Each structure stands twice: as structure tokens, then as C-alpha cells.
Amino acid sequence: MTAVYNFSAGPATLPGAVLTRAREELLDWHGSGMSVMEMSHRGTHFMSIAQQAEADLRELLVIPSDYHVLFLQGGATSQFSMVPMNLLRGRRQADYINTGAWSKKAIAEARRYCSVNVAASSEDSSFTTIPSVDNWQLDPGAAYVHYTPNETIGGVEFDWIPETGAVPLVADMSSTILSRPLDVTRFGLIYAGAQKNIGPAGLTVVIVRSELVGDVLDCTPAMFNYQSHAENGSMLNTPPTFGWYLAGLVFQWIREQGGLEAMAEVNQRKAGKLYEAIDRSDFYNSPVDPRYRSWMNAPFILADDSLDAEFLSQAGDAGLLNLKGHRSVGGMRASIYNAMPEAGVNALIDFMAEFERSRG
Ligand SMILES: *Cc1c(COP(=O)(O)O)cnc(C)c1O
């Protein structure tokens, strides 16, 4: 097999050890004679897989027992509706922090259900920074405050957790969950599509304080009601069983690496050396405020954008794949989630230096 490093923003690279294990177990899971894909979700085999995955995630993130952990479908995008449907709880407005493309999508969807107060925005800086907390206009009567700790497209990431007092804090952690330790108790609800840092596309993880669920908008479908999912152990209908299983393998892999502290150490080092390489030369530039540069998604531009196509094609020849930036930002973007080995980042840095030598 060709060795490649896949810098895709999502679906993204998975740990090699996880894929190998999945291959070994693919046709016959633990002597069951069946693939996980073929098992009843209510049978003892899959129930043990599901429970182990939840237990491992709870241990990794130190999730208190008064939080539900839900394994759902519909992507983070469905959460843009599920959050207001479930968390408005009789109120009519919610606060949103606008830090980029994913914040904007969450805001647009929430506007179907409530009055959205954009309490802070970095749009006037083209989303290259986080708005200073001194200027946030939080509404104490808001049902919740929603923010996006890591903007996958713009590459800006909070290095602090907003303080919202009694108002529940909601976070779209799709591209940063499990990248470092997290104080879950600061949040009312955390959600994440799996395809960045958890597993394959098709699974969405929701962590929600149990006292917040149960009082939904009248129009809420059962599939969009956290309480129905919680009461049914995320088996209101057939769950995404294979994705749940693979997520469980990823959680085990993270535990084997030393847990979230170890992940954080490696992630900080990987991001640090990549940004250092970008800053070292005028050939490459990072558009993002240095304080808020993401550990997970590093956009960068070539000073001479007429070289973009050649950069991408030579990178591809070198086995460095999917470095093209999002169409809204241009340039390049290297997504370096947990599963991206440090050797992949080193290979990218070496390639960038070599490309600069030959073209700069
Ligand atoms: C990828 C992503 C989404 C969209 O996820 P889907 O699973 O495609 O709905 C939403 N928010 C963030 C921060 C993302 O990175």
C-alpha cells in the first residue's frame, strides 16, 4: 500500500491501528461469526460494544453522571436545529457568537426557531480572530449561548471557555473534541460530528446535562428530541452501529496513547512546528491571529498564489493529500487531527521547505 498522509478536514484520517483492528474484526467480531455491521443493535454483542464506547468516552472526558451521552445521526448540521428545539425551554431568544462559517450556519438555522442575538462577531476581521470578550453583548434572558470553539474552515480556535453564568453554554466541538482535556461541567451541551476527531461520518455525539432535556418545541419530531433518545439509550431507532463501533475503537486508541493530556501534548507540538514553519518564511503566510490559531486546522497561503496549483500537485506526488484550502478562504489548509501522526506534519514541513527552495 502507498504511504500517504491525508490532511482532509473531514471525513479525515483515522488512526492506522484502529483501521487495522477493524479489518481484523471485520468478518468475525470476537468469535461471534458476524461482522459488527450485521448484528442486531439490541443483541448482547452490539450492546457490549455500545456500552464500552460510552464508558470509554465518559472516562476520557470525565463526563459526570448527570450528563447524557447520545450517539445520534444527522451530523452536526442536525444539531443546529436540535439545539434550539430542545434548549429554548419556553424562552424566545438565544445568544450566538459568530466566529466563522460554521457559526454562521448554526445562526441561520436557529433563526427558524427563535430570535438570535449575535452577542459578538469577528466578521469584520474576516473571521481571523476571536472577538474580545469585553465587547460581548450577552443577554441574561437568553435560553443558551452557542459558540464554535474551533472553526474548521477559518482555522480559529478559542483557547478559553466563555463564562456565561446561569445561562447554559452550548458548543459545536466537531473539529476539536478530544484534542485536549476538557472541563465538561462548564457546558450545558456539547455536540460533534464524528468525521473529524471521533470516527467515520454518519455518527454524531451529543453530551447534554440531563436537566436541560425534556421541554421541547411542540413541532419537534421524536428523532430530534434528546429526551426520546436518552430514554432509549440512543436506540430510538436503529443507530449508526458501525460508526459507533469504530468510535469506540478510537476512544480505546486514545486511552492507549495516554488519554487527552497526551493528545494535547502531541497536538500542541504538531501545530506549533507547522505554524513555526509558516512564519519562518515570507513565502507562506497564516491569515489567523497567532493567539487563536487552531491546533486542528491550519490554513495557510502562498505569497504568490499562482503557485497554488503546482504546490498541490507536487504535494500530491509526495503523498501529502487534500491540502487545498476551503473554497471560501483559498490557499491551503492542513487538518492535523489526533490521528495525523507527527511524522505526517514533519513530512509536510519538509515538503514546504523544499518547494520554497525550488520555487521561491
Ligand atoms: C464539519 C463541521 C460541521 C458539519 O458537520 P456535518 O456532520 O457535515 O453536519 C459543523 N460544525 C463544525 C465545526 C464542523 O467542523
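What you see is a predicted model, and the numbers here were worked out from it, not measured in a lab. Chains are numbered independently. Their residues run from 1 in the order of the written sequence. Predicted model: local features are reported for residues with pLDDT of at least 70 only, side-chain atom pairs are reported and counted for 80 or more only, and whole-chain, interface and lining totals are derived from all residues. No hydrogens and no water enter the side-chain calculation; it runs on all heavy atoms of the structure.

Trainee: When you look at the pattern of salt bridges in this model, what are you seeing that I'm missing?
Mentor: A pair can form between side chains of opposite charge whenever their charged atoms are brought close. Salt bridges are defined by distance alone: a side-chain nitrogen of Lys or Arg within 4 Å of a carboxyl oxygen of Asp or Glu. All told, the structure shown has 17 salt bridges when counted by the stated rule. Here Glu 163 ties to Arg 186 by a salt bridge, and the two come within 3.7 Å at their closest N and O atoms. Remark: Arg 186 occurs in the loop between strand 8 (169–172) and strand 9 (189–193) and Glu 163 occurs in the loop between strand 7 (156–157) and strand 8; sequence separation between them is 23 residues. A salt bridge links Asp 279 to Arg 293; the shortest N-O distance between them is 2.8 Å. You can see Asp 279 sitting in helix 7 (residues 259–280) and its partner Arg 293 sitting in the loop between strand 11 (284–285) and strand 12 (297–302), a full 14 residues away along the chain. When its relative accessible area of 47% is taken as the criterion, Asp 279 is described as partly exposed. Salt bridges linked by common partners bring Glu 265, Arg 269, Lys 273 and Glu 342 together as one network. Secondary structure elements are defined from DSSP: runs of H or I of at least 4 residues count as helices, runs of E of at least 2 residues count as strands, and each element is numbered from the N terminus. A simple rule labels every residue: compare its accessible area, found with a 1.4 Å probe on the protein chains alone, to the largest value its type can have, and call it buried under 20%, exposed over 50%, or partly exposed in between.

Trainee: Even after reading the chapter, I still don't get the layout of surface pockets, so can you show me in this structure?
Mentor: Remark: the empty space left among the atoms is shown by a probe the size of a water molecule rolled over them. The volume enclosed by the largest pocket comes to roughly 330 Å³. Cavity and pocket criteria rest on a 1 Å grid covering protein atoms alone: a 1.4 Å probe that fits but cannot get out defines a cavity, protein on both sides within 12 Å along at least 5 of 7 lines defines an open pocket, and an atom within 4 Å of a point defines a lining residue. Lining the largest pocket are 21 residues, with Trp 102, Thr 152, Ile 153, Gln 195 and Lys 196 positioned closest to its centre. Put simply, the parts of the chain that give the lining of the largest pocket at least two residues each are helix 3 (75–87) and helix 4 (101–110). Among the elements that take part in the lining of the largest pocket, helix 3 stands out by supplying 4 residues, more than any other. Each residue is assigned to one of three groups, with Ala, Val, Leu, Ile, Met, Phe, Trp, Tyr, Cys and Pro labelled nonpolar, Asp, Glu, Lys and Arg labelled charged, and all others, Gly among them, labelled polar. Residues belonging to the lining of the largest pocket are distributed by class as follows: 6 nonpolar, 10 polar and 5 charged. Among the domains, domain 1 (17–256) and domain 2 (258–359) are the pair contributing at least three residues each to the lining of the largest pocket. Grid points are joined across faces, edges and corners, and a volume is the space filled by probe spheres set on the points. Residue ranges assigned to each domain were obtained from an automatic or database domain assignment.

Trainee: What exactly am I supposed to notice about the site of the ligand here?
Mentor: Near the ligand, the surroundings consist of 13 residues, among which Thr 77, Thr 152, Asp 172, Gln 195 and Lys 196 are the closest. Here a polar contact means two N or O atoms within 3.5 Å. Within protein one must be a hydrogen donor candidate and the other an acceptor candidate, and residues neighboring in sequence count only if both atoms are side-chain atoms. Gln 195 places a side-chain nitrogen or oxygen 2.9 Å from an oxygen atom of the ligand. Using a 1.4 Å probe, accessible areas were evaluated by the Shrake-Rupley method; residue-level cover was limited to the displayed protein chains. For the ligand, the accessible surface in isolation is 390 Å², of which the surrounding protein chains cover 86%. Throughout, a molecule is located in a cavity or pocket provided that more than half of its atoms lie within 2 Å of its grid points. Judged by the fraction of its atoms near the pocket grid, the ligand is located in the largest pocket. Per-element tally for the shell around the ligand: the top contributor is helix 3, with 4 residues. Here the residues of the shell around the ligand are counted per class, giving 3 nonpolar, 8 polar and 2 charged. Throughout, near means a residue has at least one heavy atom within 4 Å of the molecule or strand.

Trainee: Sorry, what's going on with the sheet that holds strand 3 (residues 93–98) here?
Mentor: Pairing between strands is defined by DSSP: at least two bridges between them are needed. Taken in spatial order, the 7 strands line up as 2-10-9-8-5-3-4 in an open sheet, and their pairing is mixed. Sheet topology places strand 2 (67–72) and strand 4 (115–121) at the edges, where each strand pairs with a single neighbour. On average, adjacent strands in this sheet sit at an angle of 15° to one another, irrespective of strand direction. Where strand 9 and strand 10 (residues 204–209) come together, 5 bridges link them in antiparallel fashion. Looking at strand 10, one finds that Leu 189 is bridged to Val 208. Most of the contacts of helix 2 (residues 44–61) go to strand 2, to which it runs at about 130°, and overall it touches strand 2 and strand 10. Each axis is a line fitted through C-alpha atoms, and for a helix only the stretch in contact is used; angles between axes span 0 to 180 degrees, taken between their N-to-C directions. Contacts: residue pairs with any heavy atoms within 4.5 Å of one another.

Trainee: So what exactly am I meant to see when it comes to the nonpolar core here?
Mentor: Note that soluble globular proteins tend to have their nonpolar side chains buried in a common cluster. As used in this record, nonpolar core signifies buried Ala, Val, Leu, Ile, Met, Phe, Trp, Tyr and Cys residues forming a set joined through side-chain atoms within 4.5 Å. One finds Leu 57, Leu 61, Ile 177, Leu 178, Ile 198, Ile 207 and Phe 251 to be the most contacted residues of the largest nonpolar core, which totals 55 residues. In terms of residue count, the dominant contributor to this core is helix 6 (residues 241–257) (9 residues). Contact partners of Phe 251, with chain neighbours within four places excluded, come to Ala 53, Asp 56, Leu 57, Leu 60, Phe 71, Leu 178 and Ile 198. Core analysis: the second largest hydrophobic core is formed by 32 residues, Ala 9, Ala 264, Leu 302 and Ile 349 among them.

Shape descriptors only; they carry no functional weight alone.
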